Amino acid sequence: QVRLAESGGGLVQAGDSLRLSCVASGQSVITGTMAWFRQAPGKERAFVAGVSRSTYYVDSVKGRFTISRDEAKNTVHLQMNRLKPEDTAVYYCAATPRSGEYRFPSSYNYWGQGTQVTVSS
């Protein structure tokens, strides 16, 4: 069983930056794909960014968000710059043992509890 723990959320103003982190434990190595999703009130959970053999993003965050991975520490980060009020959501870390570009929640086996990001205008 793999456990994912997110940290780094908070309340910021538009234009500010935040860095989210996700630490995987309970399994020595995750060689597949890790990703970030977000869910705003009243909306479905949506893909934000993923990392496998390469990184990939939803169009709305390209150029503002950067996902990175430290395999030695089983950690993935999401650096979020130039935040906008529409980025407000609960952000979830997800992982799957498979390698590939997966953008749907059903593709992921493991989930964290989520961390709140609120961006005020």
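Visitor: Any chance you could break down the state of the cysteines for me, citing the residues and the numbers?
Guide: By definition, a disulfide links two cysteine residues through a covalent bond between their sulfur atoms. Under the counting rule described, the total for this entry stands at one disulfide. The residue that forms a disulfide with C22 is C93, at a sulfur-sulfur distance of 2.1 Å. Here the disulfide of C22 and C93 is left-handed, its torsion about the S-S bond being about -80°. Taken together, the residues span a long stretch of sequence, with C22 in strand β3 (residues 18-25) and C93 in strand β9 (residues 89-96) at a distance of 71 residues. You can call C22 buried: its relative accessible area is 0%.

Visitor: Can you tell me about the nonpolar core, naming the residues and giving the values?
Guide: Core analysis: the biggest nonpolar cluster contains 27 residues, and L4, M34, W36, L78, M80 and Y91 have the highest contact counts within it. Of all the elements in the fold, those that place two or more residues in this core are β3, β4 (33-39), β5 (46-51), β7 (65-70), β8 (75-80), β9 and β11 (115-120). For L4, the contacting residues outside a window of four places in its chain are C22, V23, A24, M34, C93, A94, A95, Y110, W111, G112 and Q113. Counting residues in each nonpolar core, the second largest holds seven residues, with A35, F47, A94 and Y108 among its members.

Visitor: Explain the packing of aromatic side chains residue by residue, including any values.
Guide: As enumerated under the stated definition, the model contains six aromatic pairs in all. Residues Y102 and Y108 carry aromatic rings whose centres are separated by 6.4 Å and whose planes lie at 90° to one another, so their mutual orientation is edge-to-face. Note on accessibility: Y102 and Y108 belong to one class, buried. Owing to a relative accessible area of 6%, Y108 belongs among the buried residues under this scheme. Put simply, the rings of F37, F47, Y56, Y102, Y108 and W111 touch in pairs and so form one group of aromatic residues. Geometry around Y92 places R45 over its ring, the cationic atom sitting 3.6 Å from the centre. The ring of Y102 has R98 sitting right over it, with the charged end atom 4.6 Å from the ring centre.

Thresholds, definitions, all that
- Residues numbered from 1 in each chain as written.
- Predicted model: local features only at pLDDT ≥ 70, side-chain atom pairs only at ≥ 80, totals over all residues.
- Heavy atoms only, no water.
- Disulfide = S-S within 2.5 Å.
- Helix = DSSP H or I, 4+ residues; strand = E, 2+ residues; numbered from the N terminus.
- Buried < 20%, exposed > 50% of the residue type's maximum accessible area, 1.4 Å probe, protein only.
- Core = buried A, V, L, I, M, F, W, Y, C linked by side-chain atoms within 4.5 Å.
- Contact = heavy atoms within 4.5 Å.
- Phe/Tyr/Trp six-rings, centres within 6.5 Å; stacked < 30°, edge-to-face > 60°.
- Lys NZ or Arg CZ within 6 Å of the ring centre and 35° of its normal.

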